[in-house]
Structure formats: structure tokens, C-alpha cells
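Residue-level structural notes
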Amino acid sequence: MERDLQHLWHPCTQMKDHEQLPLIPIQRAKGVWLYDFDGRRYLDAVSSWWVNLFGHANPRIADAISRQTRELEHVLLAGFSHQPAIELAERLAAITPDGLEKIFYADNGSSAVEVALKMSYHAHRNQKEERALFLSLSNSYHGETLGALSVGDVALYKETYRPLLIRNIQTPVPRDRSPEATAEALAALESILEEHGPEIAAMIVEPLVQGAGGMHMYAPEYLRNAQTLTRRYGIHLIADEIMTGFGRTGTMFACEQAGISPDFICLSKGLTGGFLPLSAVVTTEEIYRAFYGDYTEYKAFLHSHSYTGNPLACAAALATLEIFETENVLAVNREKAERMADNLHRFTALDNVKSVRQTGMIAAVEMIDYPATDRKGLEVYRHGLEHEVLLRPLGNVIYFMPPYIIENEEIDMMMNVAYEGIEGIRN
Ligand code: PMP
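Attention in this report is confined to the structure presented alongside it.

What counts and what doesn't
- Residues numbered from 1 in each chain as written.
- Predicted model: local features only at pLDDT ≥ 70, side-chain atom pairs only at ≥ 80, totals over all residues.
- Heavy atoms only, no water.
- Helix = DSSP H or I, 4+ residues; strand = E, 2+ residues; numbered from the N terminus.
- Rg over C-alpha atoms; globule rule 2.2 N^0.38 Å.
- Contact = heavy atoms within 4.5 Å.
- Areas by Shrake-Rupley, 256 points an atom, 1.4 Å probe, with all protein chains shown as cover.
- Lys, Arg positive; Asp, Glu negative; His and termini not counted.
- Charge placed at Lys NZ, Arg CZ, Asp CG, Glu CD.
- Near = heavy atom within 4 Å.
- Polar contact = N/O pair within 3.5 Å; in protein donor to acceptor, adjacent residues only side chain to side chain.
- Nonpolar A, V, L, I, M, F, W, Y, C, P; charged D, E, K, R; others polar.
- Pairing = 2+ DSSP bridges.
- Axes fitted to C-alpha atoms, helices over the stretch in contact; angles between N-to-C directions.
- Salt bridge = Lys/Arg side-chain N within 4 Å of Asp/Glu carboxyl O.
- Buried < 20%, exposed > 50% of the residue type's maximum accessible area, 1.4 Å probe, protein only.
- 1 Å grid on protein atoms, 1.4 Å probe; cavity = no way out; pocket = protein on both sides within 12 Å on 5 of 7 lines; lining within 4 Å.
- Points joined across faces, edges and corners; volume = space filled by probe spheres on them.
- Domains from an automatic or database assignment.

**Digging into the overall build of the protein chain**
Along the backbone of the protein chain there are 15 helices and 16 strands. By the compact-globule yardstick of 22 Å for 427 residues, the protein chain fits well, its C-alpha radius of gyration being 22 Å. In the protein chain, 71% of the contacts between residues at least 6 apart in sequence involve partners at least 24 apart. About 19,800 Å² of surface is accessible on the protein chain, with carbon and sulfur atoms providing 52% of the total. Here the protein chain contributes 38 positive and 57 negative side-chain charges, whose respective centroids are spaced 2 Å apart.

**Remarks on the site of the ligand**
Taken together, Trp50, Asn108, Gly109, Ser110, Tyr141, His142, Gly143, Glu206, Asp240, Ile242, Met243 and Lys269 make up the full set of residues adjacent to the ligand. Measuring from an oxygen atom of the ligand, one finds a side-chain N or O atom of Ser110 at 2.6 Å. The contact in question runs from a nitrogen atom of the ligand to an N or O atom on the side chain of Asp240, over 2.6 Å. Alone, the ligand offers 390 Å² of accessible surface; in the complex the protein occludes 82% of this. For the shell around the ligand, a count of residues per class yields four nonpolar, five polar and three charged.

**A few points about the sheet that holds strand β4 (residues 100-106)**
On the basis of which strands lie adjacent, the open sheet formed by seven strands has the order β4-β12-β11-β10-β7-β5-β6 and mixed pairing. Only two strands of the sheet have a single partner each, and these edge strands are β4 and β6 (168-171). In this sheet, adjacent strand axes meet at a mean angle of 25° when their direction is disregarded. One ladder, built from four bridges, connects strand β11 (residues 264-267) with strand β12 (residues 279-284); its direction is antiparallel. Across the sheet, residue Cys266 finds its bridge partner in β12, namely Val281.

**A look at the side chain of Asn396**
Along the polypeptide, Asn396 turns up in the loop between β15 (389-390) and β16 (397-400). Within the structure, Asn396 has its side chain in polar contact with the backbone oxygen of Ile368 (distance 3.5 Å).

**Remarks on the pattern of salt bridges**
This structure, assessed with the given rule, holds 20 salt bridges. Notably, a salt bridge pairs Arg131 with Glu129, separated by 2.9 Å at the nearest N-O pair. Accessibility expressed as a relative area gives 32% for Glu129, which makes it partly exposed. Through salt bridges with shared partners, one network takes in Lys354, Arg357, Glu366 and Asp369.

**Observations concerning empty space enclosed by the protein**
Scanning all chains against the criterion turns up two cavities of 30 Å³ or more. Lining the largest cavity are Trp50, Leu53, Glu241, Ile242, Met243, Gly245, Phe246, Arg248, Ser268, Lys269, Gly270 and Met401. Looking at the lining of the largest cavity, its residues break down into six nonpolar, three polar and three charged. Looking at which domains feed residues into the lining of the largest cavity, each of domain 1 (2-57 + 331-423) and domain 2 (63-326) gives three or more. Approximately 30 Å³ is the volume attributed to the second largest cavity. As for the second largest cavity, its lining consists of Ser140, Tyr141, Gly143, Leu149, Gly152, Asp153, Val154, Tyr157 and Lys158.

**A short note on the pairing of strand β2 (residues 33-36)**
Residues Trp33 and Tyr35 line one face of β2 and the alternating positions Leu34 and Asp36 line the opposite face, and both faces are buried. Here strand β1 (residues 26-30) runs beside β2; their pairing, made up of four bridges, is antiparallel. If you follow Ala29 over to β2, its bridge partner there is Leu34. Connecting β1 to the next strand, β2, in antiparallel fashion are two residues, including Gly31 with a positive phi near 60°. Here β2 pairs with strand β3 (residues 41-44) via three bridges, running antiparallel. Considered in β3, the bridge of Tyr35 is made with Arg41. As consecutive antiparallel partners, β2 and β3 are separated by four residues, and within that stretch Gly39 has a phi angle of approximately 80°, a positive value.

**Looking at the environment of Ala331**
Relative to the helices and strands, Ala331 is located in helix α13 (residues 329-344). Looking at Ala331, the relative accessible area reads 25%, which means it is partly exposed. Expressed as a C-alpha distance, the spacing of Ala331 and Thr251, which sit 80 residues apart in the sequence, is 9.5 Å.

**Side note on the environment of Leu137**
Topologically, Leu137 is positioned in strand β5 (residues 133-137). According to the relative accessible area criterion, Leu137 is buried, its value standing at 0%. When near neighbours in sequence (up to four residues on either side) are disregarded, Leu137 contacts Asp153, Gln170, Thr171, Pro172, Val173, Met203, Ile204, Val205, Gln210, Tyr218 and Tyr222.

What follows is the structure, given as C-alpha cells:
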């Protein structure tokens, strides 16, 4: 720990906190469990920032990566190609909603969002339309590079950098899943479109569940209608499925529940089962065609990352998709989601719980509005660690997003520990 603090600057952390709060070096992990050097273990209730699907050190994914390391570890993807990138592109085109055919790789979620934003703007530009404005939902999160931060709306991450950001406006996210909330938010969207419609390149959304915004959930009807409305103005729809993709919400992609085919889907996190960084932007033939033509200086999409389409990451993704194909994952998840629901009900009896909600394998408990500076979530986090569960609250929201291989008893244990942690908060 001392050596760590000597040189490492940790993400999303006030480093001074570590004067009080010990860091936890992890030695190894297996399934849902992380093991430290002192023989303690922690159930990874947040799938290590929502990336892990089939357990840590999953042997099928590990073997696929290992095999790939001995064949081809990396090659640039401009002018060259390789089997894992091609196969994965074919599979992604096959499993994403109809009409999404072309795959552009990047290497993390924020970069995928940057790619989608730039592609949307550029596609309009290639069609002689200047649209330098983006539209997103209030309370949204799309990553922390400057473009992604611009379309997000979590003040904690965004406020400091406001002078550096690209142009974006926000329309209210439905406040809950009720038809009234959906209708109100759609009316607000309609009036924003009347005012700004022709200036907007794309609307970007986290479909059904806003993650970093506190696991806020809204109805699929909103998405369906938002797509109809935005299409009237020639606005692209970008579905940021970086968190919701790959079965997390109960369907392979959250968009399926709304029956929509967006113009872009951004994928990352679970794409490699949580093993390696990789992301993909999946888009339509129409967008692709907007860039296709003889070489002129500004028409092609001249965006690249050194590790674009890395073969090891693609091999991990292929092994992950194979598990989906062979193990009936979505059906098994439905049973596990039910077990989570059974456990979730009783939280509503606690005085300091405001509401509970769930979509598929994401369950959340929102505590009452404790002031941010009280850091009550941190108390629950500490309680979790003392009782073998890694919970990482988002402000006053304690949530559960475990790897899909979690057992029923582990679900009960994870949620029991959180219950006791919330119950034990000193007001
Ligand atoms: N979009 C969403 C919906 C996310 O949840 C995240 C990560 N939490 C990102 C984008 C950014 O991904 P990354 O952290 O890989 O840059």
C-alpha cells in the first residue's frame, strides 16, 4: 500500500481519503470473489465498474486470450486486418438490432462515444449540413473525455471543465417509469426540437438505465417516441449501451425492449467479459455510405487509436459471445434477477430508504437525500468491506450489478450486507 501511494494516482478518487481509508491491494480473483493479500475476500457486487459478466479469471475467456497471444498479439488495423476483428464484427452485426451493420473499433467506452459523436457530426457535414450541437438527457453519463463529458450531465465530473466543452443541450429524462413522466419528458423533448431541431447532429441516450447518474430508470416508451420525434428533424440517435449492453437489462441490448434500431450503438465494458479494454461503435450502412467515395481531404473518417481492434481483446470478446450462445445466459439471468427482486422488497421498510428499482441484473436502493458532504454512501461501502462485499455507492444510491455467474446464496448475502449497512447508518 505504501508503494502504491508513492506513485499511483487512482481514478475517481480524492487521494487524501486514503490517509483514512486503506487501499485494498487484490492478489487474485475467481468467480464473483476478489482476494486480498491478507486472506480476506470481497464479493464483487459492482462487477468491477460493470465490466465483468462471467466471473473473474473465467477459464474460457482466459484460454481464448492465451491462445491468441501465441498467434498474433497486435497489428495496426489501418491497411491490415485479422481474423478475430473480422469474426467479432460479423457477430456484432448479427446480434445488434436490424440495420446496424458496420463496426468501428476503439478501446474504451469514452472513446466509443467520441467516435459516435464525431461520426454523426461528420456524416451530416458530408451531406452538406452543419449541425454542431448535440442533445442528451439530463442526469446522463457518457464518459469523461471532453466530448463524452460534454454530453453528460453529472455535475461532479463535468462542472470544472465546462469552459472546455463542445456544444450540447439537455432534455429532461423521465423522472420515473410512469406513463405521466414519460409523456411529460416527451413534451419537453418536442419543444426543444421545435427550437433547435435543425441544429442538432445527434441525440445520445443511455437506454432504460442511467448508470453513473444513480441507476435512474425510465420506460422504453420514451425511447420509442424519442426516436420518432428526432427522426423528423434528421437527428441521429446514439444508444450508449456501454453499461446496458450484453444482457444487463434482461435483453441482449436495452434498445430491444423499446423495439428501436438506433443509428449508432456504443459498446464496451462487458464486451470482453471484463478482461481487456475494447469498444465498438456499430452503425448503419447509410452512415457508412456518407463517408464512402474517392479520396478527398475531409470526407473519410480519419480517426484512430493505436490499439484499435486489438486481437487479444477481440478474442476475449468472441469467447464472451460464445458463452452467451452456449449457456442460455438471458434465461438464467431472469431467475437471478427474480432472486434480486425478492431481496430488494424489504429495503422499502427502512426509514432511510426513499425508493428501490430494478431492471434485469441491475438493482438499486436509493437512500433519503443525505447531503453529499455527509458521505453516507461511504459508510455503507465501509460496512460492505467489513462483511466481504464490495459495494461502491453512487452518492446516496447503493446498487447491485454482480457478475451473471453469481449464485442465489451469494445474492442473498450481498443484499443482506447492504441492508444491514443501510440500516446501521447513524443519522
Ligand atoms: N457510457 C456509459 C453509459 C458508461 O457507464 C461509461 C463508464 N462508466 C462510459 C460511457 C465510459 O466508459 P469508459 O469508462 O470505458 O471510458
